[in-house]
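The primary structure of each chain is shown beneath.
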Amino acid sequence: MVYEIQKSFLLANDLIVSNLGQDGIKFKSVDISTFYTKISPQKIIKFQNIGQKYFKFILAGNEFLEQNEEEISQKFFLKEQKKALVPALKKKRFEFKFCSLKTYIELYEKPKLCILKVFFQTLEEARNFVIPKDFKVLKELKLDSKNLSLYGYDLGFDIEKCFKIIEKNQNFTLEFPDAISSFDGFRIFLFYLFRKLRFYWNLALQNKKKDDLYEFYVYAQKIFIILSSFDEVFDKNLSEFLASKFKDVVEKTALLLEPKNDEETLLLTLSSKEFNDLFNDFEVFIKESSFYQGLQKDIFFKQLVALEFRKKLILFKKFLVKDFEYENFSFKFMQLSVFLEYFKTLFNLKSLDKLNDKYFLNSSKKAFSKIMKKRKKLLKYIDNSSKNLKIYKG
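Here the residue numbering is sequential within each chain, running from 1 through the sequence in written order. In keeping with the model being predicted, local features are shown solely for residues with a pLDDT of at least 70 and side-chain atom pairs are shown and tallied solely at 80 or more, while totals for entire chains, interfaces and linings include all residues. Side-chain calculation: all heavy atoms of the structure are included, whereas hydrogens and water are not.

Asks: Hey, could you go over the overall build of the protein for me, with residue numbers and the actual values?
Replies: To qualify as a helix, a DSSP run of H or I must reach at least 4 residues; to qualify as a strand, a run of E must reach at least 2; elements of each kind are numbered from the N terminus. If you tally the helices and strands in the protein, you get 15 helices and 9 strands. Exposure classes here rest on a 1.4 Å probe applied to the protein chains alone. A residue is buried below 20% of its type maximum, exposed above 50%, and partly exposed in between. In the protein, which comprises 394 residues, the proportion classed as buried is 47%. Residues are treated as being in contact if the distance between any of their heavy atoms lies within 4.5 Å. Considering only contacts in the protein between residues 6 or more positions apart, those separated by 24 or more positions represent 67%. Accessible areas in this description were obtained via Shrake-Rupley with a 1.4 Å probe; residue shielding takes into account the shown protein chains only. Of the roughly 21,700 Å² of accessible surface on the protein, 50% is carried by carbon and sulfur atoms. In the protein, the 70 positive side-chain charges and the 52 negative ones have mean positions that sit 7 Å from each other. Two residue types count as positive, namely Lys and Arg, and two as negative, namely Asp and Glu; His and chain ends fall outside the count. For charged residues, the charge sits on one atom: NZ in Lys, CZ in Arg, CG in Asp, CD in Glu.

Next comes the structure, spelled out in structure tokens:
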């Protein structure tokens, strides 16, 4: 196989396409569709339809090192497309000559991108190439169709605007962009959870009702679960300290929920200096860049969530099959229910939807008997989900 030297550029818009015809530049256009049936660190199987031709590629873990390429029939292509791990990546390619160099303009359907690719015969030629200003280049980039299929492309995210929306209203379902980084994703998520916590904290102090106190307890537990599950995104020492503090909040609130505790005890605990100081400090930390200094802060949020989600599924299965203890069921159930509630929409997997809808919409007490009676079915949903989330490892 011949490897070509190329440079890729993200363009501001697709006006260049209409300009080709106006300027009398001859070009060829073709529709291209790409999907994957296997993605692992060791091996990738990719299928591609280019115009009227169909291909299968078997690649090493690095997509740029193709091991095997074969032309296949349309029938086989369509059959394998049913096994696609994620929706096909579709684009329209325009090929023409620019300064005697082979050049592509590629318009992607989703994510909506306009990419200019220029091919060179030598490295020196590539180094000396200067793109004209008329092309309205936003940046030079390296494209990986596998990552585009799994995560899309980050076209810019206004996190301050997001903070303002959450500050005014938390009564909506969070939906994370596929291409958001762990740094931005967790800043938004922790801020959202914390605003919900403060809302129920204030309600519990004002109304002194156990229902409001229970919601406060739930959100304190959610924050503890996220801090302890993703400590490699945050400053490790600080996140461990905060996780222990929120664990303490959870334990003290659980005691307040017992029937023997009165309004005075509730008010004294919730309005304590310990709670006030923790919440004031936490609100500052979650917005500061210095809190997000872990080794994994720059990887895709979706990838990191997928790996931890899969880990939670495997551990929950192991707990049910081998290590079951009833006194630990409630917390194990809560851990997985948090991931299902906030992250299942990231992956669009039927097995996760069924797992959530059939077993995790009720409290742990109500769900327990159903899980025990229909454990075999639940384990099947866990296995299917785990298998599908594994593609985000490589």
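Asks: Account for the side chain of Ser33, with residues named and values stated.
Replies: Its location among the elements puts Ser33 in strand β2 (residues 28-39). Since its relative accessible area comes to 9%, Ser33 is described here as buried. With near-sequence residues (within four places) excluded, Ser33 lies in contact with Phe47, Gln48, Asn49, Phe77, Gln81, Ala88, Leu89 and Lys90.

Asks: Now, about the nonpolar core: what can you tell me, with residues and values included?
Replies: If you look at soluble globular proteins, the nonpolar side chains tend to sit buried side by side. Counting 92 residues, the largest nonpolar core has Phe216, Leu227, Phe230, Phe309, Phe343, Phe347 and Leu378 as its most contacted members. Counting 19 residues, the second-largest nonpolar core is a separate cluster that includes Phe9, Phe96, Ile105 and Ala126. By nonpolar core is meant a set of buried Ala, Val, Leu, Ile, Met, Phe, Trp, Tyr and Cys residues that side-chain atoms within 4.5 Å join together.

Asks: Tell me about unusual backbone geometry, and please be specific about residues and values.
Replies: The linkage connecting Lys110 with the following residue, Pro111, adopts the cis geometry, with an omega of 0°. At Cys99, a residue that is not glycine, the phi angle is positive and equals roughly 55°. Position of Cys99 relative to the elements: it lies in the loop between β6 (89-98) and β7 (101-108).

Asks: I'd like a rundown of the packing of aromatic side chains, residues and numbers included.
Replies: Under the pairing criterion, centres of Phe, Tyr and Trp rings, with the six-membered ring standing for Trp, must be within 6.5 Å; the plane angle then separates stacked pairs below 30 degrees from edge-to-face pairs above 60, leaving the rest tilted. Under the criterion given, the structure shown has 56 aromatic pairs. Taking 6.1 Å as the distance between ring centres and 70° as the angle between the ring planes, the aromatic pair formed by Phe216 and Phe279 counts as edge-to-face. Placement of the pair is Phe216 in helix α7 (residues 210-229) and Phe279 in helix α10 (residues 273-285), with a sequence separation of 63 residues. Using a relative accessible area of 0% as the deciding quantity, one classes Phe216 as buried. As a reminder, the over-ring test applies to NZ of lysine and CZ of arginine, requiring each to be within 6 Å of the ring centre and within 35 degrees of the ring normal. Taking NZ or CZ as reference, Lys287 lies 5.1 Å from the ring centre of Phe163, over its face.

Asks: Which residues make up the pairing of β2, and what values go with them?
Replies: The criterion for strand pairing is that DSSP finds at least two bridges linking the strands in question. Where β2 and β6 come together, 7 bridges link them in antiparallel fashion. Bridge pairing links Val30 to Arg93 in β6. Both β2 and strand β3 (residues 43-50) contribute to a ladder of 7 bridges, which runs antiparallel. For Thr34, the partnering residue across the bridge sits in β3 and is Gln48. The antiparallel pairing of β2 with β3 creates a hairpin that spans 3 residues between the two strands.

Asks: Pulling in residues and values, what's your account of a positive patch on the surface?
Replies: Without a salt bridge and with relative accessible area above 30%, a residue can belong to a patch; like charges are then joined within 9 Å and nonpolar side chains (Val, Leu, Ile, Met, Phe, Trp, Tyr) within 5 Å. When a carboxyl oxygen of Asp or Glu is within 4 Å of a side-chain nitrogen of Lys or Arg, the pair counts as a salt bridge. Taken together, the side chains of Lys350, Lys354, Lys358, Lys370, Lys373, Lys374, Lys377 and Lys380 make up a positively charged region of the molecular surface. Where the positive patch is concerned, the elements lending two or more residues are α13 (350-359), α14 (364-373) and α15 (375-389). Ranked by residues supplied to the positive patch, first place goes to α13 with 3 residues. Position of Lys377 relative to the elements: it lies in helix α15.

Asks: If you had to explain the pattern of salt bridges to someone new, which residues and values would you point to?
Replies: Applying the stated criterion to the full structure yields 20 salt bridges. For Arg195, the salt bridge is made with Glu283, and the minimal N-O distance between the two is 3.1 Å. Separated by 88 residues along the polypeptide, Arg195 in helix α6 (residues 182-207) and Glu283 in helix α10 bring together distant segments of the chain. Here Glu283 falls in the partly exposed class, since its relative accessible area comes to 22%. The closest approach of N and O atoms between Asp323 and Lys318, which form a salt bridge, is 2.6 Å. Since its relative accessible area comes to 41%, Lys318 is described here as partly exposed. Residues joined by salt bridges that share partners form a network here, namely Lys91, Arg93, Glu106 and Lys117.

Asks: If you had to explain the confidence of the model for the protein to someone new, which residues and values would you point to?
Replies: Averaged over every residue, the pLDDT of the protein is 90; residues scoring 70 or more account for 97%. Known as pLDDT, the predictor's confidence for each residue is given on a scale from 0 to 100. Across the protein, the secondary-structure element scoring lowest on mean pLDDT is helix α1 (residues 15-22), at 84, and the one scoring highest is helix α2 (residues 74-81), at 97.

Asks: Got a sec to walk through the state of the cysteines? Specific residues and values, please.
Replies: A pair of cysteine sulfur atoms is labelled a disulfide when the two atoms are within 2.5 Å. Considering all chains together, one arrives at 0 disulfides under this definition. Sulfur of Cys114: no disulfide; nearest cysteine sulfur belongs to Cys99 and is 18 Å away.

Asks: Quick rundown of the packing of α13 against α15? Include the residues and the values.
Replies: Note on geometry: axes are lines fitted to C-alpha atoms, helical ones only across the stretch in contact, with angles between N-to-C directions running from 0 to 180 degrees. Between α13 and α15, whose axes approach to 8 Å, the crossing angle comes to 150°. Considered as vectors, α13 and α15 are oriented roughly antiparallel to each other. Where α13 crosses over α15, the two elements pack in a sense that is left-handed. On α15, the residues that touch Ser351, Leu352, Lys354, Leu355, Lys358 and Tyr359 of α13 are Lys377, Leu378, Tyr381, Ile382, Asn384 and Ser385. For the contact of α13 with α15, the per-class residue count stands at 6 nonpolar, 3 polar and 3 charged. Every angle not falling under 35 degrees, over 145, or within 65 to 115 is termed oblique; those three ranges are roughly parallel, roughly antiparallel and roughly perpendicular. Here a crossing is taken to be left-handed if its near helix is turned anticlockwise relative to the far helix by less than a right angle, and right-handed if that turn runs clockwise. Residue classes follow a fixed rule: Ala, Val, Leu, Ile, Met, Phe, Trp, Tyr, Cys and Pro count as nonpolar, while Asp, Glu, Lys and Arg count as charged, and any other residue, Gly among them, counts as polar.

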